[in-house]
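Structural overview
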Amino acid sequence: MNLCNLMGTGEIGHLSGGDNVLEREGYAASAGFSLGLFALGEDALGFMDTLVGRLCQYVHGKEIHNVMDGTPINVDVTAPGAIIALGLIFLKTESEVMMSRLSIPHTHFDLQYVRPDFIMLRVIALNLIMWSRVHLSNDWIQSQIPEIIKNGVKGLSDDDEMDAEAFVQAYVHIVAGACISL
């Protein structure tokens, strides 16, 4: 792994010196764009295994800690930058491996643990990776939505307001991500 890739990954997970969380989120997302553009076209499945593994940890929230001081890393801050970086690194590669690693939640349990805005970023990244499958049609947009979410939106009721909100937010963010992908 070259030095620029290593530094870019470190910057996504870098702890902020201040208390401004929004500033930190913007910094991590910018680092993700930088890393993704820098590594665009690299051999992502060869020498970059460590980089890709670290980025996937930033996305999924495995027990990861800052390399420098051992403090836990906030996945709410690191996931957007990591998703953006992975989408750009694997741009138009049609990688089934990355498709599975960035998949949209397909179970009710998973839906509760992935923020809706992260779902939208995953949809965009997946479509950057699987570029040849993107089609300008309503059917294609609908094909992006997992059955559990389609069924959840169809069966909305006032009984379980929390579930209804999770399904609607996921649905709207998936459709938005698919439209941005076009």
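Read on for an overview of the structure. Sequence order sets the numbering: in each chain, residues are counted from 1 along the sequence as written. With the structure being a predicted model, the display of local features is reserved for residues of pLDDT at least 70 and the display and counting of side-chain atom pairs for 80 or more, all residues being used for whole-chain, interface and lining totals. Computation of side-chain values covers all heavy atoms of the structure but excludes hydrogens and water.

We define a nonpolar core as any set of buried Ala, Val, Leu, Ile, Met, Phe, Trp, Tyr and Cys residues linked to one another through side-chain atoms lying within 4.5 Å. Exposed residues in this analysis have more than 50% of their type's maximum accessible area, buried residues have under 20%, and partly exposed residues fall in between, with area computed by a 1.4 Å probe over protein chains only. Leu55, Leu86, Met98 and Leu102 are the most contacted members of the largest nonpolar core, which has 44 residues in total. If we skip the residues at most four places from it in the chain, methionine 98 touches Val52, Cys56, Leu86, Phe90, Leu126 and Ile129. The criterion used for residue contact is that any of the two residues' heavy atoms lie within 4.5 Å.

Moving on to helix H7 (residues 116-129). Numbering of helices and strands starts at the N terminus; helices are DSSP runs of H or I of at least 4 residues and strands are runs of E of at least 2. By this rule the span expected of a helix is its residue count minus one, scaled by 1.5 Å. Under the 1.5 Å per step criterion, the end-to-end length of H7 is 20 Å for 14 residues, consistent within 8% with the ideal 20 Å. Taken across its 14 residues, H7 has twelve buried, putting it largely inside the fold. Residues Pro116, Phe118, Ile119, Met120, Leu121, Arg122, Val123, Ile124, Ala125, Leu126, Asn127 and Ile129 constitute the buried set of H7.

By the element assignment, serine 95 lies in the loop between helix H4 (75-89) and helix H5 (96-101). On the basis of relative accessibility, which here comes to 8%, the residue serine 95 falls in the buried class. Beyond its immediate sequence surroundings of up to four residues, serine 95 is in contact with Phe90, Ile129 and Met130.

One way to put it is that H4 packs onto H7 with a least axis distance of 8 Å and a crossing angle of 15°. With respect to H7, the axis of H4 lies roughly parallel. Crossing handedness for the pair H4 and H7: left-handed. For the pair H4 and H7, the contacting residues are Val75, Asp76, Ala79, Pro80, Ile83, Ile84, Leu86, Gly87 and Leu88 in the first and Phe118, Leu121, Arg122, Ala125, Leu128 and Ile129 in the second. Gly is put with the polar residues, along with every residue not named as nonpolar or charged; the nonpolar set is Ala, Val, Leu, Ile, Met, Phe, Trp, Tyr, Cys and Pro, and the charged set is Asp, Glu, Lys and Arg. A breakdown of the residues in the contact of H4 with H7 according to their chemical character gives twelve nonpolar, one polar and two charged. The axes are straight lines fitted to the C-alpha atoms, using for helices just the contacting stretch, and the angles between their N-to-C directions are given from 0 to 180°. Angles are sorted into four bins: roughly parallel if under 35 degrees, roughly antiparallel if over 145, roughly perpendicular if 65 to 115, and oblique for all others. By the definition used in this description, the sense in which the near helix is turned from the far one sets the handedness, with an anticlockwise turn below a right angle giving left-handed and a clockwise turn giving right-handed.

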